[in-house]
Amino acid sequence: MDFFTLLAEERMKKAYEEGEFKKLPGMGKPLKLDDLSHIPEELRMGYRLLKNANMLDEEVELKKEMMRIEDLIRTCYDQEEREKLKEEWTEKQLKLDRIFEKRKGLNTPASAFYKEKVYEKLLKRS
């Protein structure tokens, strides 16, 4: 173990002995754990960071819906139904574009590229 690990362990032990952990909210209650089993292990930390920054919820749901609609379009034989699905997909895309416009700082080419890669991996596994 390195110095910082030992220091952290020592401080936690001291805080425990002084009863600092008894003052924490939710003491004695079960933890609410996120089910991240649908996310590849190597992407879980990035997913948590994005989720904690409130950047995933609506975007991920929109992407999932768009992928579902794309699947339906590919398997749809009825032309009228296919057109309705395409309109629905376009509406979802416009909504997603509006979300991205609100976050101008994240619309740089590099961040958009990596963000898209993360979404692809997340959505392929879910």
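Model, not experiment: these values are computed from the prediction. (Residues numbered from 1 in each chain as written. Predicted model: local features only at pLDDT ≥ 70, side-chain atom pairs only at ≥ 80, totals over all residues. Heavy atoms only, no water.)

**Points about the overall build of the protein chain**
Basically, it comes down to this: Each helix is a run of H or I in the DSSP string that is no shorter than four residues. Each strand is a run of E no shorter than two, and both are numbered from the N terminus. Residues are treated as being in contact if the distance between any of their heavy atoms lies within 4.5 Å. Reported accessibility uses the Shrake-Rupley method at a 1.4 Å probe radius. Residues are deemed covered only where the shown protein chains occlude them.
Within the protein chain, the regular secondary structure consists of 5 helices and 0 strands. The N-to-C order of helical and strand elements in the protein chain reads α-α-α-α-α. Partitioning the intrachain contacts of the protein chain with sequence separation of at least 6 by distance along the chain shows that 55% fall at a separation of at least 24. Entry remark: accessible area of the protein chain is about 10400 Å², with carbon and sulfur atoms responsible for 56%.

**Overview of the nonpolar core**
For clarity, the threshold we go by: The criterion is simple. A nonpolar core is a set of buried Ala, Val, Leu, Ile, Met, Phe, Trp, Tyr and Cys residues joined through side-chain atoms within 4.5 Å. With a 1.4 Å probe rolled over the protein chains alone, any residue whose accessible area is under 20% of its type maximum counts as buried; one over 50% counts as exposed, and the rest are partly exposed.
In terms of nonpolar packing, the biggest core is built from 7 residues, these being V60, L62, M66, L96, I99, F100 and Y119. For this core, the elements supplying multiple residues, two or more each, are helix 3 (57-75) and helix 4 (79-102). In contact with M66, not counting residues within four places along its chain, are W89, K92, Q93 and L96.

**A closer look at a nonpolar patch on the surface**
To be explicit about the condition: Here the term patch refers to residues with relative accessible area over 30% and no salt bridge, with like charges joined within 9 Å and nonpolar side chains (Val, Leu, Ile, Met, Phe, Trp, Tyr) within 5 Å. For this analysis, a salt bridge means a side-chain nitrogen from Lys or Arg found within 4 Å of a carboxyl oxygen belonging to Asp or Glu.
A cluster of nonpolar residues, M12, Y16, F21 and L24, forms a patch on the protein surface that exposes about 420 Å² of accessible area. For L24, the position within the fold is in the loop between helix 1 (3-17) and helix 2 (44-52).

**Thoughts on the environment of F21**
Relative to the helices and strands, F21 resides in the loop between helix 1 and helix 2. Setting aside its immediate chain neighbours within four residues, F21 contacts M12, A15, Y16 and M27.

**Thoughts on the environment of Y119**
Mapped onto the elements, Y119 comes out in helix 5 (residues 109-125). Separated by 72 residues in the primary sequence, Y119 and Y47 have C-alpha atoms spaced 9.5 Å apart.

**Considering the pattern of salt bridges**
One pass over the structure, following the stated rule, counts 3 salt bridges. Of the charged contacts in the structure, one is a salt bridge between E65 and K92, with a shortest N-O distance of 2.5 Å. Taken as a pair, E65 in helix 3 and K92 in helix 4 lie far apart in primary sequence, 27 residues in all. Measuring nitrogen to oxygen at the nearest pair gives 3.8 Å for the salt bridge that ties R68 to E88. Linking R68 in helix 3 with E88 in helix 4, this pair joins segments that are 20 residues apart in sequence.

**Observations concerning the packing of helix 3 against helix 4**
We apply this condition: To get an axis, a line is fitted to the C-alpha atoms, and for a helix only the part in contact is used. The angle between two axes follows their N-to-C directions and goes from 0 to 180 degrees. Any angle that falls under 35 degrees is termed roughly parallel, while one over 145 is termed roughly antiparallel, one within 65 to 115 roughly perpendicular, and all others oblique. Crossing chirality is assigned from the near helix's rotation relative to the far helix, an anticlockwise turn below a right angle marking it left-handed and a clockwise turn marking it right-handed. When residues are sorted by character, Ala, Val, Leu, Ile, Met, Phe, Trp, Tyr, Cys and Pro go into the nonpolar class, Asp, Glu, Lys and Arg into the charged class, and all the rest, Gly among them, into the polar class.
Their axes nearest at 9 Å, the elements helix 3 and helix 4 cross at an angle of 160°. As far as their axial angle goes, helix 4 and helix 3 are roughly antiparallel. When you trace helix 3 past helix 4, the crossing you get is left-handed. Across the interface between the two elements, E58, E59, L62, K63, E65, M66, R68, I69, E70, L72, I73 and R74 of helix 3 pack against R82, L85, K86, E88, W89, K92, Q93, K95, L96, I99 and F100 of helix 4. In the contact of helix 3 with helix 4, the residues fall into 10 nonpolar, 1 polar and 12 charged.

Function-wise, these values are silent; they only describe arrangement.
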